[in-house]
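# Coordinate inspection notes
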Amino acid sequence: MTAPQGKVSAKKPKAAKPESRLAMVRRARRINRELAETYPYAHPELDFRNPFELLVATVLSAQTTDLRVNQTTPALFAAYPTPEDMAAAVPEDLEELIRPTGFFRMKARSLLGLSQALRDEHGGEVPGRLEDLVKLPGVGRKTANVVLGNAFGVPGITVDTHFGRLVRRWKWTEQEDPEKVEAEICAIFPKSEWTMLSHRVVFHGRRICHARKPACGACPIAPLCPAYGEGETDPEKAKKLLKYEKGGQPGQRLSPPPDYPGLPAAPLGAGAAQQA
């Protein structure tokens, strides 16, 4: 039956149904699969050769870029290659070596404290258990998970600023507290995926899904993203926002893995540090 002339028959648009828990989990796992295809070379972006170097580098990475840490640690580890060496360091000398990473006095106290604890309580070895790592000076849960996942092969979720921002943007969680974020994301994915998921999400946050100007038009997971449109949607304009290897620029590591498709970063003093 047609509407009487002069009147419009209109239906009120239906409000979008809230996403069910099951649908969110399926979408989250699909995003992870897409990210795995986009970043098959995802890796920790701190240079390290052993658990001690990774632990120190992760402590230094607070409030600075991984690039700046990587440019600083070659001289640091040349001077103090072992926990025993660093535990015996003159504080002022240690501070001067790590000055480029910022907050160098506080970080020096942490490095001296954790090195002394490793020497005195763990036989000079980095422990491979979360409960032992978080007792070390300057080592929180995030740092412990980085070390466990990448130096010991123990799965863990690393909730840094990039990870927290993206998982909230994707509506995987509404939590702000890192430990609560970690718990909720762990419940979505199998344990075997935790470490690599962390790398993929952080890679995506640094390269495409930036805090202020996400490159939505160049994003491989745009159809799965509830926040699509917050950033630049024009493909050509979005391409200009891409960073690191996606934008044809050097990465953060001076010594990247063999399968990394981008350029190595320059040593300290060879150029301005890129932002994370």
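## A few points about the overall build of the chain
Across its full length, the chain carries 12 helices and zero strands. For the chain, the sequential pattern of α-helices and β-strands runs α-α-α-α-α-α-α-α-α-α-α-α. The principal-axis extent of the C-alpha atoms belonging to the chain is close to 90 × 40 × 30 Å. Put simply, the chain has 276 residues, and 46% of those count as buried. Considering only residue pairs separated by 6 or more positions, the chain has 61% of its internal contacts joining residues 24 or more positions apart. Positive and negative charge centroids in the chain, built from 39 and 32 side chains respectively, lie 11 Å apart.

## Overview of the packing of aromatic side chains
With the rule as written, the count across this model stands at seven aromatic pairs. Seen in terms of ring centroids, Tyr-41 and Tyr-260 are 5.9 Å apart; in terms of plane orientation they differ by 75 degrees. Their pairing is edge-to-face. Separated by 219 residues along the polypeptide, Tyr-41 in the loop between α1 (21-38) and α2 (51-60) and Tyr-260 in the segment after α12 (235-239) bring together distant segments of the chain. Here Tyr-260 falls in the buried class, since its relative accessible area comes to 8%. Taken together, the ring pairs in this structure connect Tyr-39, Tyr-41, Phe-203 and Tyr-260 into an aromatic cluster. Across from the ring centre of Phe-203, 3.7 Å away, lies the NZ or CZ of Arg-207, which sits over that ring.

## Re the nonpolar core
Counting 39 residues, the largest nonpolar core has Phe-163, Trp-170, Trp-172 and Ile-185 as the members making the most contacts within it. Of all the elements in the fold, those that place two or more residues in this core are α1, α9 (161-169), α10 (178-186) and α11 (194-207). Residue contacts for Trp-170: discarding those within four places in its chain leaves Arg-27, Ile-31, Leu-35, Val-201, His-204, Ile-221, Cys-225 and Pro-226. Among the nonpolar cores identified, the runner-up in size contains 31 residues, and Leu-60, Phe-77, Met-86 and Leu-114 belong to it.

## Describing the pattern of salt bridges
Following the criterion strictly, the structure yields 16 salt bridges and no others. Residues Asp-47 and Arg-253 are paired through a salt bridge, measuring 2.8 Å at the closest nitrogen-oxygen approach. Remark: Arg-253 occurs in the segment after α12 and Asp-47 occurs in the loop between α1 and α2; sequence separation between them is 206 residues. For the pair Asp-47 and Arg-253, a shared accessibility class is recorded, and that class is buried. Ionic contacts of the salt-bridge type, sharing partners, join the residues Glu-45, Asp-66, Arg-206, Arg-207 and Glu-245 into one network.

## A short note on the confidence of the model for the chain
Per-residue pLDDT for the chain averages 93, and the proportion of residues at 70 or more is 92%. Throughout residues 1-13 the model reports pLDDT below 50, and contacts reaching past four residues in sequence, or to other chains, amount to one contact.

## Brief notes about helix α3 (residues 66-79)
Between its terminal C-alpha atoms α3 stretches 20 Å, which fits the 20 Å expected from 14 residues at 1.5 Å a residue. Within α3, the full set of buried residues consists of Asp-66, Leu-67, Val-69, Asn-70, Gln-71, Thr-72, Thr-73, Leu-76 and Phe-77. Buried residues along α3 sit in contact with α2, α4 (83-87), α5 (91-98) and α11.

## Some points on the environment of Leu-130
The residue Leu-130 is located in helix α7 (residues 130-133) in this model. For Leu-130, a relative accessible area of 22% gives the class partly exposed. The sequence separation of Leu-130 and Ala-144 amounts to 14 residues, and the corresponding C-alpha distance is 6.1 Å. Setting aside residues no more than four positions away along its own chain, Leu-130 makes contact with Arg-141, Ala-144, Asn-145 and Leu-148.

What counts and how
- Residues numbered from 1 in each chain as written.
- Predicted model: local features only at pLDDT ≥ 70, side-chain atom pairs only at ≥ 80, totals over all residues.
- Heavy atoms only, no water.
- Helix = DSSP H or I, 4+ residues; strand = E, 2+ residues; numbered from the N terminus.
- Buried < 20%, exposed > 50% of the residue type's maximum accessible area, 1.4 Å probe, protein only.
- Contact = heavy atoms within 4.5 Å.
- Lys, Arg positive; Asp, Glu negative; His and termini not counted.
- Charge placed at Lys NZ, Arg CZ, Asp CG, Glu CD.
- Phe/Tyr/Trp six-rings, centres within 6.5 Å; stacked < 30°, edge-to-face > 60°.
- Lys NZ or Arg CZ within 6 Å of the ring centre and 35° of its normal.
- Core = buried A, V, L, I, M, F, W, Y, C linked by side-chain atoms within 4.5 Å.
- Salt bridge = Lys/Arg side-chain N within 4 Å of Asp/Glu carboxyl O.
- pLDDT = per-residue confidence, 0-100.
- Expected span 1.5 Å × (residues − 1).

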